[in-house]
Amino acid sequence: MNTARTTTAEPSLNLGDRRRAQYDAFHAARARTDLATRLYAQAMGEDHPTEVAASGSCDMPLLGLMAARLRMRPGRLLVDAGCGTGGIGLWLARALALRLDGFDCSPIAVARAGARRHAFLGAGADRALFRVAELEDTGLPDAAAGGIVCVDALGRACGRDAVLRELARVLAPGSRLLLTRSSRRGAEPAWWPQARSAGLEVEHVDERPDEPAMWERLYRLWITHADELRHELGETQTRNMLSEAHRMLPTLPDRRAVLLTLRRPATAPATPGAADTMTGPRDPGNRDASDERTPQ
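Residues numbered from 1 in each chain as written. Predicted model: local features only at pLDDT ≥ 70, side-chain atom pairs only at ≥ 80, totals over all residues. Heavy atoms only, no water.

Draft legend 1. Fine view of the confidence of the model for the chain. When pLDDT is averaged along the chain, the result is 87; 85% of the residues meet or exceed 70. Every residue in residues 270–291 is under pLDDT 50, and counting partners more than four places away or in other chains gives 48 contacts. (pLDDT = per-residue confidence, 0-100. Contact = heavy atoms within 4.5 Å.)

Draft legend 2. Geometry of unusual backbone geometry. Within the chain, Ala 53 stands out as a residue other than glycine whose phi angle is a positive 50°. Here Ala 53 is to be found in the loop between helix H2 (35–44) and helix H3 (60–70). Looking at Ala 53, the relative accessible area reads 29%, which means it is partly exposed. (Helix = DSSP H or I, 4+ residues; strand = E, 2+ residues; numbered from the N terminus. Buried < 20%, exposed > 50% of the residue type's maximum accessible area, 1.4 Å probe, protein only.)

Draft legend 3. Seen up close, the environment of Leu 252. Inspection of the secondary structure puts Leu 252 in the loop between helix H11 (235–248) and strand S7 (255–263). Taking the relative accessible area as the measure of exposure, Leu 252 reaches 5% and is therefore buried. Discounting residues that sit within four places of it in the chain, Leu 252 has contacts with Pro 212, Trp 215, Glu 216 and Tyr 219.

Draft legend 4. Structural detail: helix H5 (residues 107–115). Here H5 has its buried residues at Ala 109, Val 110 and Ala 113. What you see down the axis of H5 is that its buried residues fit within an arc of 100°, all on one side. The exposed set on the far side of H5, more than 90 degrees from its buried face, consists of Ala 111 and Ala 115. (Arc of directions from axis to C-beta.)

Draft legend 5. Spatial organisation of the sheet that holds strand S5 (residues 171–184). Taken together, seven strands build an open sheet; the order of strands is S3-S2-S1-S4-S5-S7-S6 and the sheet is mixed. One side of each edge strand has no neighbouring strand; the edge strands of this open sheet are strand S3 (128–132) and strand S6 (201–207). Averaged over all pairs of adjacent strands, the angle between strand axes in this sheet comes to 20°, irrespective of strand direction. Where helix H4 (residues 87–96) meets the sheet, it contacts strand S1 (77–81), strand S2 (99–104), S3 and strand S4 (145–150), and its direction lies at approximately 165° from that of S1. (Pairing = 2+ DSSP bridges. Axes fitted to C-alpha atoms, helices over the stretch in contact; angles between N-to-C directions.)

Draft legend 6. Local environment of the packing of H2 against helix H9 (residues 211–224). Their axes nearest at 8 Å, the elements H2 and H9 cross at an angle of 135°. The angle between H2 and H9 places the two elements in the oblique class. Note on packing geometry: the crossing formed by H2 with H9 is right-handed. Mapping the contact onto sequence places Leu 39, Tyr 40, Gln 42, Ala 43 and Met 44 in H2 and Met 214, Trp 215, Arg 217, Leu 218, Leu 221 and Trp 222 in H9. A breakdown of the residues in the contact of H2 with H9 according to their chemical character gives nine nonpolar, one polar and one charged. (Parallel < 35°, antiparallel > 145°, perpendicular 65-115°, else oblique. Left-handed = near helix turned anticlockwise from the far one by under 90°. Nonpolar A, V, L, I, M, F, W, Y, C, P; charged D, E, K, R; others polar.)

Draft legend 7. Just the pattern of salt bridges, in detail. Under the defined criterion, the tally for this structure stands at 18 salt bridges. In this structure, the salt-bridge partner of Arg 220 is Glu 216, at a minimum N-O distance of 3.3 Å. Highlighted residues: Arg 220 and Glu 216, both in helix H9, separated by four residues, approximately one helical turn. Ionic contacts of the salt-bridge type, sharing partners, join the residues Asp 17, Arg 19, Arg 20, Glu 134 and Glu 136 into one network. (Salt bridge = Lys/Arg side-chain N within 4 Å of Asp/Glu carboxyl O.)

Printed below as a string of structure tokens:
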């Protein structure tokens, strides 16, 4: 956010507060109408996970792949980091008979996620918990999680290295962290040194070749339905969506999307290594920043 817009008449907010306010507004707007969800469904076609209703790239193939890659036993704790309205974590918790701890920076998203527990888990709804927390500060004990998923959230974090170290700390030895990531085709991705710095091993890199085309279809739908979006979501949210669409569309032909499976070694603690020297995700000095930023 451009700090030059802050005036002495307005209280200054730190980055976390600004991010929370932005995502509260985002989730509040989308709670008022199903238009955005219908456009996601149109863009994804038969791969759209209607029940999950995630505002991101999560489709049915990704859900199935995550269920397989987690390799979790029933009853263990799954953490959904940056859970949004909770559909992904709830779907996986039901499919794999897991306990669930989901957290997000937006109180509105967390409230919506909590309200969905019974629809997914029925009488077992109390085995899912949703709360407000940050990716960089989860509030969870060491080695508490039998598995972690972080879908379309890391690219919006203030510092990816700090997030990976925090999630590695929370992960039990021998367990896995699943992350959606992106880079430019042909570029050397930062995934490997970032994983090593956090004390994690890269176990699988699963390509998602259809993800960029899905975003292209969705962005063009946003542009086509701009007037409807303004009517349903309001001017501010629509302006943000159209800005994202026009900014991201030219990058999609060179976009490489993957699901990373990172494993904490069973015989060694996840102790962070030397700090990664890569600049932050929103630093214009980082040439890969625009590719890693997660669409909405």
